[in-house]
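# Overview (structure and organization)
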Amino acid sequence: MILFMGHILTFLTTTPGNLIYHTVLVFSIAGALLEAIHSLRSSNFPQERRTVIGLSVLLGLQFLQFAISGLTFPGLLSAQLVLPPLDRAVSLLALVWIAWLWAFPEPIRKADAATLLLNLLAVVALAITLVFWVQKPASSFNLSWYDPAWQAFSVAVILLGILALVLRKPNGWINGLAMLVLGFLGHFATLVYPMDGNFPGIVRLAQLAMFPLLLTLSHRFSFPTQAQAPAAKSRKPDEPIQERRRYSTDPKTFHALMSLAAETEPDKIGQALARGIAQAMLADLCFLISMDENKTMAITCGYDLIREENLGSTPVDRESIPLLATAIQRGRPLRLPASSTSSDLKGLGMILNLSNPGNLLSVPVTSPKCGPIGSVLILSPYSNRLWSAEDQTYLSNVSALFIPILERGQQAAALEVERDRSVKETHVVLEKATEAKRKYEQLAAELEGQQDMLSQSQLQAENMAALVTMQEEARKTIERLMAENEQLSKAGATRSPDDEQTERELRQALEEMAHMQNALADANIKILELEKRPAAPITTEQMEVIASISQELRQPMSSIIGYTDLLMGESVGILGALQRKFIERIKTSTERIGGLVDDLIQTTNLETGRMEFKPQPIDLNLIIDNAMAYTSTQIREKNITLRLDLTGTAPRIQTDRDALQQILIHLLQNATAATQTEGNITLRVQMQAEKDNHFLSIQVTDNGGGIASEDIPRVFARRYRAEHSLIQGLGDTGVGLSIAKALVEAQNGRIWVETEPGVGSTFSVLMPVVEELPGEN
């Protein structure tokens, strides 16, 4: 037996056994490579692509060894010097790539880098061996120290491969383990029992047993095959070929697609889409993966066909699904078989909480405008269904039809985000408006305090003037009494008891007058102190402060009005009836604040006497129309009927345009606020003439219930909510009527109110104007 084994080992290391050995290896590798190429074309699995690469390298190594061996026949190279080291290097490199093929079917950067490093070390070892072997060759390479070094290197590589297989346990790892164990036995036996010669016969015998196992490499993963037609003998000649149906014809599929077509809400479009695809493809799980401009990916929604339930969204880490993330980013489809070592399937299992995600099929969703925007992902964790190229083509065609639907959903979602942003900006603007209103009220309160101080100073001055008058009268009375007393003293030396009584009374009166005179002197001192105090009227600095605050108030109001116009124009989304109503109220309140700011500036100008009136020709009809348009919003909100009474055709007159329009606006605003909902307001405008003087008469009548008689003196006084109670029957709560009174009186006019308790009030204005004659410009 030993002698027979010796003959076999010798035969494998000499001609013609050498040729048989290499032929078996080449045919084993070539057969495995052809099967891998066929599997790659059928499945397009990334694992099969790596298999083709590894087998191609193995086949290339064999051809390289053949080519170099061929150069030794014509004597170009020495077979004794070159072939033994080359044989050890090719065997070592074959072991490295066999371990890589079986242990790492999916791309792993560290494993790939380690494989390349081992290849580089093998090449360096070959170069070193050639250098030293050529310098000092021996009769037997097997008995030199070079061969044990190469065998030890090979054993170390085999042990690393076995460790990787045992730890990872990829698909078909038992066959790979068998190959490496056979290789370990051959190299270890050669290391322990060296034989004379240049080539290791035991290693070659082990390789003859190893390499045919490469034919099982492509069968590690199941891949779908095309349905075969029935045999000709089993069907009639005119009988059509029955095609195996792979897609759902269940009515649920039709209902899912119909619900997708009718869906309008962005959140539900994706759910309906995932459900429709799962129903059509008979996929256990279907997910939609989105990718934004920053290449960030997330599972937006999904559908579980087995449990018939929608699945929520979840973020996706690109590092956990490297192949899938790369395929989506590049807009390429991807199919992966159920593999125990696939990092993508493991990552999806962790993300989706699945122990075995099953077979994977991903088809990109590519927009003509934006490029890849995501993918449709289907899995088969329950049925373990294999996805074929036919399934991939079908899903690709279907996903292209869904691109308009997804873009519609993205546009709707973008509009929702824009609407939310607009609402937030509106809230910010409203907060600014509230702050502006608070500043305005604070400034108005400060002005009211200054005006109260001015009124008190004026009252004290009036009291002091009365005291001065009383002092002067008392002084004259004292002088008259003193003169009478001197006359009585000169009249006679004898006085009756009545005269003495009269004298005592006079002395007491004089003493009282003296005390009064001292009091008046004190009052004069106080008057001088008051005269020395700074004047109470508004100064230029205060005017600048008021103008600055007014400008600050106008800036946020402009933003509010701009955003409200943008929202009401529905340029960022369609508004509902309630939303439009709220925005209209916001705009009305903003315009009201603007009117209050104008009132503040106008009040200040009237107080300081800076208000200038410029009479100019105006059309009275146009002024009335502008005033009615300004207050039309408040009138419409309360559904008030406004009656206009013009006596004849209103002529053109000469007066200050802005002042007249402000008077009309304030009177109409007061009447609108005082009148109840669905009430009536009457505006009467007419011309009156007296000799050569012309007067404009304005009357505004409301049905707000009238004003109490004790409140009439306070109608045109300035009031504020914080310090005074409102006057029943009066709509104005600020300075509107006081401004109207100041504007009328500044033009030598008169304003008054007539009221009927329980009915309403009539505010009348009579102003002198200049009437333009026909033909005048």
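Now for a description of the structure that goes with this document. As the structure is a computational prediction, the values presented were derived from the model and not from experiment.

Now for helix H2 (residues 17–43). Helix length check: H2, at 27 residues, gives a terminal C-alpha distance of 39 Å against a target of 39 Å (1.5 Å per residue), a fit within 8%. Just beyond H2, the residue with positive phi is Asn44, at close to 60°.

Time to look at the packing of aromatic side chains. The tally for this structure, following the rule as stated, stands at 7 aromatic pairs. With a centroid separation of 5.1 Å and an interplanar angle of 75°, the aromatic rings of Trp97 and Trp100 are classed as edge-to-face. Of this pair, Trp97 and Trp100 are both found in helix H4 (residues 79–103), 3 residues apart, which corresponds to roughly one turn of the helix. Accessibility classification places Trp97 together with Trp100 in one group, the buried group. With a centroid separation of 6.1 Å and an interplanar angle of 85°, the aromatic rings of Phe716 and Phe763 are classed as edge-to-face. Remark: Phe763 occurs in strand E14 (residues 760–771) and Phe716 occurs in the loop between strand E12 (693–702) and helix H21 (736–746); sequence separation between them is 47 residues. Phe763 carries the same exposure label as Phe716, and that label is buried. Across from the ring centre of Trp102, 5.6 Å away, lies the NZ or CZ of Arg220, which sits over that ring.

Here we come to the packing of H2 against helix H3 (residues 46–70). Taken N-terminus to C-terminus, the directions of H2 and H3 make an angle of 155°; their axes are 9 Å apart at the nearest point. Considering their axes alone, H2 and H3 lie roughly antiparallel with respect to each other. Read as a crossing pair, H2 and H3 show a hand that is left-handed. Residues His22, Leu25, Val26, Ile29, Ala30, Ala32, Leu33, Ala36, Ile37, Ser39, Leu40 and Ser43 of H2 pack against Glu48, Arg49, Thr51, Val52, Leu55, Ser56, Leu58, Leu59, Gln62, Gln65 and Phe66 of H3.

Time to look at the pairing of strand E10 (residues 652–656). Walk down a regular strand and you will see the side chains alternate between the two sheet faces. Pairing of strand E8 (residues 615–619) with E10, which is carried by 5 bridges, proceeds in the antiparallel orientation. Its bridge partner lying in E10, Gln616 is registered against Thr655. Both E10 and E14 contribute to a ladder of 2 bridges, which runs antiparallel. Within E14, the residue paired with Ile653 across the bridge is Glu771.

On to a nonpolar patch on the surface, then. Where nonpolar side chains cluster on the molecular surface, the patch consists of Leu117, Leu120, Leu121, Val124, Ile128, Val131 and Phe132 and spans about 620 Å² of accessible area. In this structure, Leu121 sits in helix H5 (residues 109–135).

All right, on to the pattern of salt bridges then. Summed over the entire model, instances satisfying the criterion amount to 9 salt bridges. For Arg88, the salt bridge is made with Asp87, and the minimal N-O distance between the two is 3.9 Å. Residues Arg88 and Asp87 agree in their burial class; the two are buried. For the salt bridge of Arg88 with Asp147, the shortest nitrogen-to-oxygen distance reads 2.7 Å. Highlighted residues: Arg88 in helix H4 and Asp147 in helix H6 (residues 146–168), separated in sequence by 59 residues. When salt bridges that share partners are traced, they join Asp87, Arg88, Asp147 and Arg204 into one network.

Parameters and conventions
Residues numbered from 1 in each chain as written. Predicted model: local features only at pLDDT ≥ 70, side-chain atom pairs only at ≥ 80, totals over all residues. Heavy atoms only, no water. Helix = DSSP H or I, 4+ residues; strand = E, 2+ residues; numbered from the N terminus. Expected span 1.5 Å × (residues − 1). Phe/Tyr/Trp six-rings, centres within 6.5 Å; stacked < 30°, edge-to-face > 60°. Buried < 20%, exposed > 50% of the residue type's maximum accessible area, 1.4 Å probe, protein only. Lys NZ or Arg CZ within 6 Å of the ring centre and 35° of its normal. Axes fitted to C-alpha atoms, helices over the stretch in contact; angles between N-to-C directions. Parallel < 35°, antiparallel > 145°, perpendicular 65-115°, else oblique. Left-handed = near helix turned anticlockwise from the far one by under 90°. Contact = heavy atoms within 4.5 Å. Pairing = 2+ DSSP bridges. Patch = residues over 30% accessible without salt bridge, like charges linked within 9 Å, V, L, I, M, F, W, Y side chains within 5 Å. Areas by Shrake-Rupley, 256 points an atom, 1.4 Å probe, with all protein chains shown as cover. Salt bridge = Lys/Arg side-chain N within 4 Å of Asp/Glu carboxyl O.

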